[in-house]
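Structural features, examined
Chain by chain, the residues:
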Amino acid sequence: MAADDQPVSWTGRFTDLGRDDQRALAALVKDGGAIPDTIERILPRLGRSHRVELLREPGTNRIVGAGVLKDPSTNYRCKKFAEAGVAIDGYEDAPELGYIVVAKDMEGQGLGERLVRAVADPLTKACFATTDNPRMHGKLSRAGFSRQGQDWQGARGNLSLWTRPAR
């Protein structure tokens with residue numbers, strides 16, 4: 001892929017997007033398996049996010065990749081650390097990196113790693129991620145995350161907890 005064919009980055013809040021883009025993002029998250037739910041139930045979850053990173057296809061402006069910095073509830077955060085058997089010390093108010101998805105026809109071009117870095121690299125505070133996707137392990141590790149504790153059974157498979165300390 002030539003440099004001028006590379007997807008174009010966009011950073012902002014979910015609420016900054018127009019309705020059609022919000023629905024397109026929710027559909028991408030659903031199609032990518034990040035949230036196994038309906039688009040209508042995914043939209044409010046995306047609306048509670050802290051920051052969204054999008055990749056758009058040049059020429060068409062189609063959303064071909066996304067990553068989200070989530071602001072999870074205290075109960076959710078505590079539950080994930082407890083399920084991994086790890087103390088939450090230092091991560092009590094940490095945001096969660098999540099919903100890293102790439103359109104099927106754009107996979108294999110390094111866009112997932114680009115999204116992980118786009119979401120995580122600007123952060124100076126501690127953050128965490130959970131995943132049941134073995135391909136994400138390397139991406140998280142290369143972005144400075146470390147696997148913590150034990151895996152636990154999630155809805156689709158074994159989940160693991162990944163943390164990155166404050167910088």
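Residues numbered from 1 in each chain as written. Predicted model: local features only at pLDDT ≥ 70, side-chain atom pairs only at ≥ 80, totals over all residues. Heavy atoms only, no water.

In the nomenclature of an unreviewed UniProt entry, the protein corresponds to N-acetyltransferase domain-containing protein from the organism Sphingobium chlorophenolicum.

1. With respect to the layout of surface pockets
One number sums up the size of the largest pocket: a volume of about 1000 Å³. Considering the residues around the largest pocket, the lining is formed by 42 residues, among which Gly33, Ala34, Thr131, Asp132 and Arg156 are closest to the centre. Elements represented by at least two residues in the lining of the largest pocket include exactly helix H3 (74-84), strand S4 (96-102), helix H4 (111-120), strand S5 (127-131), helix H5 (134-142) and strand S6 (146-153). With seven residues, the top contributor of residues to the lining of the largest pocket is S4. For the second largest pocket, the full set of lining residues is Arg45, Arg48, Ser49, Lys70, Asp71, Pro72, Ser73, Tyr76, Glu96 and Tyr99. Residue composition of the lining of the second largest pocket, by class: three nonpolar, two polar and five charged. (1 Å grid on protein atoms, 1.4 Å probe; cavity = no way out; pocket = protein on both sides within 12 Å on 5 of 7 lines; lining within 4 Å. Points joined across faces, edges and corners; volume = space filled by probe spheres on them. Helix = DSSP H or I, 4+ residues; strand = E, 2+ residues; numbered from the N terminus. Nonpolar A, V, L, I, M, F, W, Y, C, P; charged D, E, K, R; others polar.)

2. Observations regarding the side chain of Ser49
Of note, Ser49 is situated in the loop between helix H2 (39-47) and strand S2 (51-56). Residue Ser49 is classed as buried on the basis of its relative accessible area, which comes to 3%. In this structure the side chain of Ser49 is engaged in a polar contact, spanning 2.6 Å, whose partner is the backbone oxygen of Leu46. Excluding residues that lie within four positions of it along the chain, Ser49 makes contacts with Arg13, Phe14, Val68, Leu69 and Lys70. (Buried < 20%, exposed > 50% of the residue type's maximum accessible area, 1.4 Å probe, protein only. Polar contact = N/O pair within 3.5 Å; in protein donor to acceptor, adjacent residues only side chain to side chain. Contact = heavy atoms within 4.5 Å.)

3. Here we look at H2
Since there are 3.6 residues in each turn of an α-helix, residues three or four apart along the chain are aligned in direction. Of the positions making up H2, those classed as buried are Ile42, Leu43 and Leu46. Buried residues along H2 cover an arc of 110 degrees about the axis, so they all sit on one side. (Arc of directions from axis to C-beta.)

4. A word on the environment of Gly65
Its location among the elements puts Gly65 in strand S3 (residues 63-70). As a C-alpha pair, Gly65 and Tyr99 span 34 residues in sequence and 9.8 Å in three-dimensional space. Setting aside its immediate chain neighbours within four residues, Gly65 contacts Leu28, Glu53, Leu54, Leu55, Val101, Val102 and Leu115.

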